[in-house]
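One-letter residues, chain by chain:
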Number of protein chains: 2
Amino acid sequence: MKRKDKNTEQVILQTARKIFIQKGLAGARMQDIADQAGINKALVHYYFTSKNKLFDLVFEQEFGHFFANLATIISSDLPLFEKIENIVSLDIERMTQFPGLPNFVMNEMSRNPDVILKKLKKIPVNELLTGFQKQINTEFRKGNIRKISANQLLINIQSLCIFPFIARPMIKGLMQLDDKSYLAMIEKRKTEVAAFIIQAIKN
Amino acid sequence: MKRKDKNTEQVILQTARKIFIQKGLAGARMQDIADQAGINKALVHYYFTSKNKLFDLVFEQEFGHFFANLATIISSDLPLFEKIENIVSLDIERMTQFPGLPNFVMNEMSRNPDVILKKLKKIPVNELLTGFQKQINTEFRKGNIRKISANQLLINIQSLCIFPFIARPMIKGLMQLDDKSYLAMIEKRKTEVAAFIIQAIKN
DNA sequence: GAAAAAATTAACCATTTGGTTAAAATTTAT
DNA sequence: ATAAATTTTAACCAAATGGTTAATTTTTTC
């Protein structure tokens, strides 16, 4: 195994990501991570010092994916309905690309709210919400939409986009969908959810 | 500790529930359950045989809460909009009453989809969805609502009701809400979410 | 090519964990 | 009141776990 051909550190990280997402911090085993990475367990410690350190690193990366580009769209000059369409599209695409992500992030937020709070502080949420609320108020005054708070609207958008990924096994089970059907349904939601939301707020 | 005054089995069960909801199966420790129940660890094994057995029992009970009364409302003769209002109200009330429930159930569904599939098979979902779709079709033909599938509508309702509980720490962090403000916001959603949905499908 | 640095290995370690056991204590049944 | 049944206890157990160590191997540097 030559360093030029393979980067052991990266292999461990990818493997750890997969297992942490699947099993969570408590359920993941260092030996399993080593086995699946095809290395000796001591190497995990050599490169990452401890289970917690490795987990923190993985979580940092995954958490970054969660909010990727969202701020940019929310603060853009796009017309409101178009903005909603773009947020929905981006959210659903990202969750499709990283299917275990919402469960992973939500769990860790439950387990460890203080760490998350610290991370969230780095996001200029007030600015975003203020700008978004202004846009909403403008559209409301023009008579284009009904009254709604930026907070509630964003919660609704995220709810409609993310929950079906969290509830994937339940939805598949209840509605008797195989993977293909489930994914087709998710694909359809890209336009349907946006339309649902726009219709809900439209005057 | 007299049997007449306290039921050790129940105390263990309540404690286990709390800890399993908080830590999950892998993260919960039998010694912690015993400590918090104020008993000797061997007692947990005496009454419940193993960690897995105890967990299964707790999960069974919690899973029951998740779907409680939902089938009854969906299959009732209520007019569609009223039905939506009742589902939303019931969902939000139940999640307020059992705040850790959605995380707990969603996690276990991820971890153990086969077990969940088995449980879901006991719910007469096809009947429910068929009936609900009929009602929707009737309203659509009358020109009262837009076209939507029962599946997507139910997913949207559940998304809007449940996700804010799953994402509680994130919402609180991003929107800088304390517990009181968060709960006030949730209370408001009982009517707002129903109105949002009704508006989204109304013609 | 030799030395230094880095990566890898296999064995080992202390602690934790879920579970077991047998004795003691308590409750119930007669 | 005694015997039987049940509950509880404290000690113990084997395996699993995250982590450590020192030797060996490989790669990099000069």
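Look up: the structure comes first, before these words.
Remember, it's a predicted structure, so these values are computed and weren't measured experimentally.

K.L.:
Would you mind going over helix H8 (residues 113-120) of chain B in detail, with residue names and values included?
P.N.:
All names here are of chain B. Listed as buried for H8 are Ile-116, Lys-119 and Leu-120. What you see down the axis of H8 is that its buried residues fit within an arc of 95 degrees, all on one side. Exposed and facing more than 90 degrees away from the buried side of H8 are Asp-114 and Lys-118.

K.L.:
Requested: an account of the packing of aromatic side chains, with residues and values cited.
P.N.:
Per the stated rule, a full pass over the model turns up 17 aromatic pairs over all chains. Arranged with centres 5.0 Å apart and planes meeting at 85 degrees, the rings of Tyr46(B) and Tyr47(B) form a pair that is edge-to-face. By relative accessible area, which is 64% here, Tyr46(B) ends up exposed. For the pair Phe66(B) and Phe67(B), a centre-to-centre distance of 5.4 Å together with 70 degrees between the ring planes defines the contact as edge-to-face. Both residues of the pair, Phe66(B) and Phe67(B), belong to the buried class. The side chain of Lys147(A) reaches across the aromatic face of Phe140(A), ending 5.6 Å from its centre.

K.L.:
I'd like to hear about the nonpolar core, residue by residue, with values.
P.N.:
One finds Phe20(A), Leu153(A), Phe196(A), Phe20(B), Leu153(B) and Phe196(B) to be the most contacted residues of the largest nonpolar core, which totals 144 residues. Setting aside residues no more than four positions away along its own chain, Leu153(B) makes contact with Phe196(A), Ile84(B), Phe132(B), Ile136(B), Ile148(B), Ile197(B) and Ile201(B).

K.L.:
Quick rundown of the relation of the copies chain B and chain A? Include the residues and the values.
P.N.:
Mapping between the two chain copies consists of a rotation about an axis together with a translation along that axis. Its rotation angle being 180 degrees, the transformation that places chain B on chain A also includes 0.0 Å of axial translation and leaves an RMSD of 0.1 Å. Expressed as an axis order, the relation between the two copies is that of a two-fold axis. No C-alpha of chain B lies nearer the rotation axis than that of Ala200(B), which sits 1.9 Å from it. When the interface residues of chain B are mapped onto chain A, 100% of them are again interface residues, pointing to one common binding face.

Thresholds applied
- Residues numbered from 1 in each chain as written.
- Chains lettered and ligands numbered in written order.
- Predicted model: local features only at pLDDT ≥ 70, side-chain atom pairs only at ≥ 80, totals over all residues.
- Heavy atoms only, no water.
- Buried < 20%, exposed > 50% of the residue type's maximum accessible area, 1.4 Å probe, protein only.
- Helix = DSSP H or I, 4+ residues; strand = E, 2+ residues; numbered from the N terminus.
- Arc of directions from axis to C-beta.
- Phe/Tyr/Trp six-rings, centres within 6.5 Å; stacked < 30°, edge-to-face > 60°.
- Lys NZ or Arg CZ within 6 Å of the ring centre and 35° of its normal.
- Core = buried A, V, L, I, M, F, W, Y, C linked by side-chain atoms within 4.5 Å.
- Contact = heavy atoms within 4.5 Å.
- Least-squares fit on C-alpha atoms with pLDDT ≥ 70 in both.

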